Amino acid sequence: MADHGTGFIALSEYREYPLAEMRARMAAFLDDVRRRRTVRDFSDRPVPRDLIETAIRSAGTAPSGANQQPWHFVAVADPAVKRRIRLAAEEEERAFYAGRAGDEWLDALAPLGTDADKPFLETAPWLIAIFAQRYSIDGAGARHKNYYVPESVGLASGLLITALHTAGLATLTHTPSPMNFLNDICGRPENEKPYILLVVGYPAPGCRVPDIRRKDLDEISSFL
Ligand code: IYR
């Protein structure tokens, strides 16, 4: 098994803040993340690779089941690869919108105004295909179970989106269904399942987004 560290060390990097500072930091964070919107209309302006690398490093700090870090990120900027992804995704999306989704699902999507055309898969400067390692294979070829894989990869994906937003980049969590074509195009092994195709870039000038609202605190929480 991969060894990601053994033994114990002091919690030397933890920081406690005075209460007032806790509130101020928390409020500033909320102010920043509440501005995040999913964008479907991207500019073709380039985004330097180092920003994507730093965002992926942040994603890699997520907690994971048994610290197995069961994720892999494939960052795609190559126009030929983006084109292959677009063509494969649109083929699935056409079947989805032509009936595979079913009426209930299509009704739920109607407010978002989505359809089978996915030009952003070529326009946006980066696509990050996020893969979940359902199990791992050691050097001797033996399979090992990974634990809480969707939870772990979801947490890493949330950090990735937040890191990109912090830098002023827009994202779209795109999930063409099914998306196993990503294994082939990205050259990833069979033990990895595509989780989300994250589209990253600047919003197109004049970009518009659906007029939707977020649930209030009392709708999403209870305190006992
Ligand atoms: N994958 C399709 C459909 C879609 C599904 C959900 I759930 C969304 O929140 C948005 C879209 C598409 O990308 O169009």
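Note on numbering: residues in each chain are counted from 1, in written sequence order. With pLDDT at 70 or above as the cut-off, local features in this predicted model cover only qualifying residues; side-chain atom pairs require 80 or more to be listed or tallied, and sums for whole chains, interfaces and linings still use all residues. The side-chain figures draw on all heavy atoms in the structure; neither hydrogens nor water molecules are used.

**Notes on the environment of Trp 105**
Then comes step 1: Structurally, Trp 105 can be placed in helix H4 (residues 103-109).
Then comes step 2: Placed 59 residues apart in sequence, Trp 105 and Pro 46 show a C-alpha to C-alpha distance of 34 Å. Under the DSSP-based scheme used, a helix requires at least four consecutive residues in state H or I and a strand at least two consecutive residues in state E, with every element numbered from the N terminus.

**As for the packing of aromatic side chains**
Then comes step 1: Here a pair means two rings of Phe, Tyr or Trp (six-membered ring of Trp) with centres within 6.5 Å. Their orientation is stacked below 30 degrees between planes, edge-to-face above 60, and tilted elsewhere. Tallying each qualifying case throughout the model produces 2 aromatic pairs.
Then comes step 2: Plain terms: the ring middles of Phe 96 and Tyr 97 are 5.0 Å apart, the flat faces sit at 75 degrees to each other, and that makes the pair edge-to-face.
Then comes step 3: Classification of residues uses two cut-offs on accessible area relative to the type maximum, computed with a 1.4 Å probe and protein chains only: under 20% is buried, over 50% is exposed, and between them is partly exposed. A relative accessible area of 8% places Phe 96 in the buried class.
Then comes step 4: The partly exposed category is assigned to Tyr 97, whose relative accessible area is 23%.

**Here we look at the packing of helix H2 (residues 49-59) against helix H6 (residues 149-166)**
Then comes step 1: Two elements in contact, H2 and H6, have axes whose closest approach is 8 Å; the angle formed by their N-to-C orientations is 145 degrees. The crossing of H2 and H6 is right-handed. On H6, the residues touching Ile 52, Ala 55, Ile 56, Ser 58 and Ala 59 of H2 are Ala 156, Leu 159, Leu 160, Ala 163 and Leu 164.
Then comes step 2: Taken together, the residues of the contact of H2 with H6 break down into 9 nonpolar, 1 polar and no charged. Geometry is summarised by axes, namely lines fitted to C-alpha atoms with helices restricted to the contacting stretch, and by angles between N-to-C directions that run from 0 to 180 degrees. Put simply, a crossing is left-handed when the front helix is turned counterclockwise from the back one by less than a right angle, and right-handed when it is turned clockwise. Any two residues whose heavy atoms approach within 4.5 Å at even a single point are treated as in contact. Gly falls in the polar group here, along with every residue not listed as nonpolar (Ala, Val, Leu, Ile, Met, Phe, Trp, Tyr, Cys, Pro) or charged (Asp, Glu, Lys, Arg).

**Details of the nonpolar core**
Then comes step 1: Residues grouped as a nonpolar core are buried Ala, Val, Leu, Ile, Met, Phe, Trp, Tyr and Cys residues, joined through side-chain atoms within 4.5 Å. By size, the foremost hydrophobic cluster in this structure holds 22 residues, and its most contacted members are Phe 42, Ile 85, Phe 181, Leu 182 and Val 199.
Then comes step 2: Listed by contribution, the elements that provide at least two residues to this core are strand E1 (71-76), helix H3 (79-100), helix H5 (120-123), strand E2 (126-133), strand E5 (170-174), helix H7 (181-186) and strand E6 (192-201).
Then comes step 3: In this view, Phe 181 contacts Ile 85, Ala 88, Ala 89, Glu 92 and Pro 176; residues no more than four positions away in its chain are not counted.

**Observations concerning H3**
Quick reminder: α-helices carry 3.6 residues per turn. Residues three or four places apart thus point the same way.
Then comes step 1: Under the convention used throughout, the expected extent of a helix is 1.5 Å for every residue step, that is, one less than its residue count. Over its 22 residues, H3 runs 29 Å from end to end, which matches the ideal 32 Å to within 8%, given 1.5 Å per residue.
Then comes step 2: Burial in H3 covers these residues: Lys 82, Ile 85, Arg 86, Ala 88, Ala 89, Glu 90, Glu 93 and Phe 96.
Then comes step 3: Where H3 terminates, the next one or two residues include Gly 102, which has phi positive at roughly 85 degrees.

**Focus: the site of the ligand**
Then comes step 1: Note on definitions. A residue lies near a molecule or strand when any single heavy atom of the residue is within 4 Å of it. The full set of residues close to the ligand is Arg 40, Glu 93, Phe 96, Tyr 97, Trp 105, Leu 109, Leu 112, Thr 114, Asp 115, Lys 118, His 174 and Thr 175.
Then comes step 2: A 3.5 Å cut-off defines polar contacts: any pair of N or O atoms within that distance qualifies, except that in protein one atom must be a possible hydrogen donor and the other a possible acceptor, and neighbouring residues in sequence count only when both atoms are side-chain atoms. In this structure, an oxygen atom belonging to the ligand sits 2.5 Å away from a side-chain N or O atom of Lys 118.
Then comes step 3: Between His 174 and the ligand, the recorded distance is 3.2 Å, taken from a side-chain N or O atom to an oxygen atom.
Then comes step 4: Note on areas: these come from Shrake-Rupley sampling with a 1.4 Å probe, and a residue is covered only by the protein chains present in the view. Protein coverage of the free-state accessible area of the ligand, which is 380 Å², stands at 74%.
Then comes step 5: Among the elements of the structure, H3 and H4 are those that each provide at least two residues to the shell around the ligand.
Then comes step 6: For the shell around the ligand, a count of residues per class yields 5 nonpolar, 3 polar and 4 charged.

**Side note on the pairing of E6**
Then comes step 1: Judged by how many residues are buried, E6 sits mostly within the fold: 8 of 10 residues are covered.
Then comes step 2: Note on pairing: two strands pair once DSSP finds at least 2 bridges between them. Across 8 bridges, E2 lies against E6 in antiparallel orientation. Within the sheet, the bridge partner assigned to Phe 131 lies in E6 and is Pro 194.
Then comes step 3: Pairing between E5 and E6: 5 bridges, direction antiparallel. The residue of E6 that forms the bridge with Ala 170 is Gly 201.

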